[in-house]
Amino acid sequence: MQWVTKQIKRLFAARRDLFEEGGKLEKLGPFYEATETFFLYPVIPTRKKPVVRDSLDLKRFMSLVIVALLPPTVFGIWNAGYQSRLASGLSTDLLPAFMTGLYFVLPIILVSYAVGFFWETLFAAIRKHPISEGLLVTGLLYPLTLPPDMPLWQVAVGMSFGIVIGKEIFGGTGRNIFNPALTARAFVFFAYPAQMSGDAVWVAVRDKAGQTVDAVTGATPLSFTELAAPFNSIKELLQANGFNLSKLFLGYYPGTIGGTSALLCLLGAAFLIILGVANFRVIAGGIIGLLAMAGVLNLFAGPGALPWFGVNPIYHLASGGFAFGIAYMATDPVSGPGTNRARWIYGFLIGVLTILIRVFNPAFPEGVMLAILFMNLFAPLMETIEIRLKIAGRIPNV
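Throughout this description, residue numbers start from 1 for each chain and increase along the sequence as written. Whole-chain, interface and lining totals are the exception, using all residues; otherwise, since this is a predicted model, local features are given only for residues with pLDDT of at least 70 and side-chain atom pairs are given and counted only at 80 or more. Side-chain measures here rest on the full set of heavy atoms in the structure, leaving out hydrogens and waters.

A.B. asks: I keep staring at the overall build of the protein and nothing clicks. Help me out?
C.D. replies: Segments assigned H or I by DSSP are reported as helices when at least four residues long, segments assigned E as strands when at least two residues long, and all are numbered from the N terminus. Looking only at helices and strands, one finds 16 helices and zero strands in the protein. Throughout this description, buried means an accessible area under 20% of the type-specific maximum (1.4 Å probe, protein chains only), exposed means over 50%, and partly exposed covers the range between. Per-residue burial over the protein gives 48% buried out of 398 residues. In the protein, of all internal contacts separated by at least 6 residues, the share reaching a separation of at least 24 is 70%. In these tables, accessible area is a Shrake-Rupley quantity obtained with a 1.4 Å probe, and a residue counts as shielded only by the protein chains included in the view. Of the roughly 20,100 Å² of accessible surface on the protein, 66% is carried by carbon and sulfur atoms. Every residue pair with non-hydrogen atoms within 4.5 Å of one another is taken to be in contact.

Dropping the structure here:
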């Protein structure tokens, strides 16, 4: 292993002069730096005091988020293939289902990274700074929020919008107001509603014309809301269509690529909290806000009330992409608040807004996306208020 590391160091050292200032390939310096630090720790020395040492740099920090995203990614690939083969009347064995899912999902992930890397390299070359490590996370988060049948050119357009308008227009990593992956997702949701809504987009099949059978529909649990009128409750409706609580919690139903399994998302959240990457206050606040708001609405459930009023709060937690959003997107340290009380309130209000959007606006049953983007807008204000309250509470030094 040491021999391999030594050879990689020697390879990069032999080419470094070409990419440094004054070199023939100076413009590609950010690309060289990003490639080198993917394999090796940065060689940038600290030239001025004070010298701060930390065992975890930003690239390794982002790598831990990637590790936490691997379980929902692998499961999402299998689930996309499973739903596709089930709809086509083919065998749903583990390996064939996984390979079918890989056929649909891998191109979406590759396009997301390729387009994101292009824009990052371009802006890094123009502004003469290293390529942001945040792309490692954004490039995977964004495709996991998409349906497996999403056209690749729309994936590319959405990623371009998320990187350029959601991040670079504000000055790049660390200065963006909104989460770039959610910005990209929101753009394609409103720009291409036919490919992001309805029952026809959540199950990817190769030959939709002739092979789809009636055993499975492409409807997600949340999209059944519009059909609630003939039933006594949403719970009854979901169970009549095969969506019991355990199935919702485990996630093997049509939906976004990586957002269906609440179980894996909560395990990923626990992993990030234990390692100190994600703040537990945001996640706990979000879950408390969601359960509290759903519980309050339960008190007003009755004849004439909206169908979602009477749903058990646990169903809200297990349905849709709330678990994915609160675990991986609301905890973004850039677009979220950085003080503890603000984090509690920020997470709590995301949970509350998710329920309010889901219950009162049937056009947007997946309310967590809009809830997080809305709270991104208020995160700096909440942080400022907390800091000013702390300063005002200090005893004057007289």
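A.B. asks: Sorry if this is basic, but what is going on with helix α5 (residues 134-144) here?
C.D. replies: Where burial is concerned, most of α5 is hidden: 10 out of the 11 residues are buried. Along α5, the positions that sit buried rather than exposed are G134, L135, V137, T138, G139, L140, L141, Y142, P143 and L144.

A.B. asks: Would you take a moment to explain a nonpolar patch on the surface for this structure?
C.D. replies: Like-charged residues within 9 Å of one another, or nonpolar side chains (Val, Leu, Ile, Met, Phe, Trp, Tyr) within 5 Å, are grouped into patches, provided each residue has over 30% relative accessible area and no salt bridge. Each salt bridge in this description consists of a side-chain nitrogen of Lys or Arg and a carboxyl oxygen of Asp or Glu lying within 4 Å of one another. Nonpolar side chains collect at one region of the surface, where I165, I169, F170, I177, F374, L377, F378, L381, I385 and L389 lie side by side and expose about 910 Å² of accessible area between them. The class for I169 is exposed, based on a relative accessible area of 58%.

A.B. asks: Which parts of the structure should I look at to understand the pattern of salt bridges?
C.D. replies: Between side chains of opposite charge, a pair can form when the charged atoms approach closely. This structure, assessed with the given rule, holds three salt bridges. E120 serves as the salt-bridge partner of K167, at 2.3 Å between the closest nitrogen and oxygen. Of this pair, K167 sits in the loop between α6 (152-164) and α7 (180-191) while E120 sits in helix α4 (residues 94-127), placing them 47 residues apart in sequence. Classification of K167 by relative accessible area gives buried; the value is 2%. E168 serves as the salt-bridge partner of R127, at 2.7 Å between the closest nitrogen and oxygen. Separated by 41 residues along the polypeptide, R127 in helix α4 and E168 in the loop between α6 and α7 bring together distant segments of the chain.

A.B. asks: Teacher, can you tell me more about the packing of helix α11 (residues 262-274) against helix α14 (residues 322-329) here?
C.D. replies: To describe two helices that pack against each other, one gives the angle between their axes and the distance between the axes. Angles here are taken between N-to-C directions and fall from 0 to 180 degrees, while the axes themselves are lines fitted to C-alpha atoms, restricted in helices to the stretch in contact. In contact at an axis separation of 8 Å, α11 and α14 are set at 15° when each is read in the N-to-C sense. When the axis of α11 is compared with that of α14, the two are roughly parallel. As for how α11 packs across α14, the hand of that crossing is left-handed. Here α11 contributes A262, L264, C265, G268, A269 and L272 to the contact with α14, which in turn contributes A323, F324, A327 and Y328. Its residues assigned to classes, the contact of α11 with α14 comprises nine nonpolar, one polar and no charged. An angle below 35 degrees is read as roughly parallel, one above 145 as roughly antiparallel, one from 65 to 115 as roughly perpendicular, and any other as oblique. The handedness criterion is simple: a crossing whose near helix is rotated anticlockwise from the far helix by less than a right angle is left-handed, and one whose near helix is rotated clockwise is right-handed. Three classes are used: nonpolar for Ala, Val, Leu, Ile, Met, Phe, Trp, Tyr, Cys and Pro, charged for Asp, Glu, Lys and Arg, and polar for all others, with Gly counted as polar.

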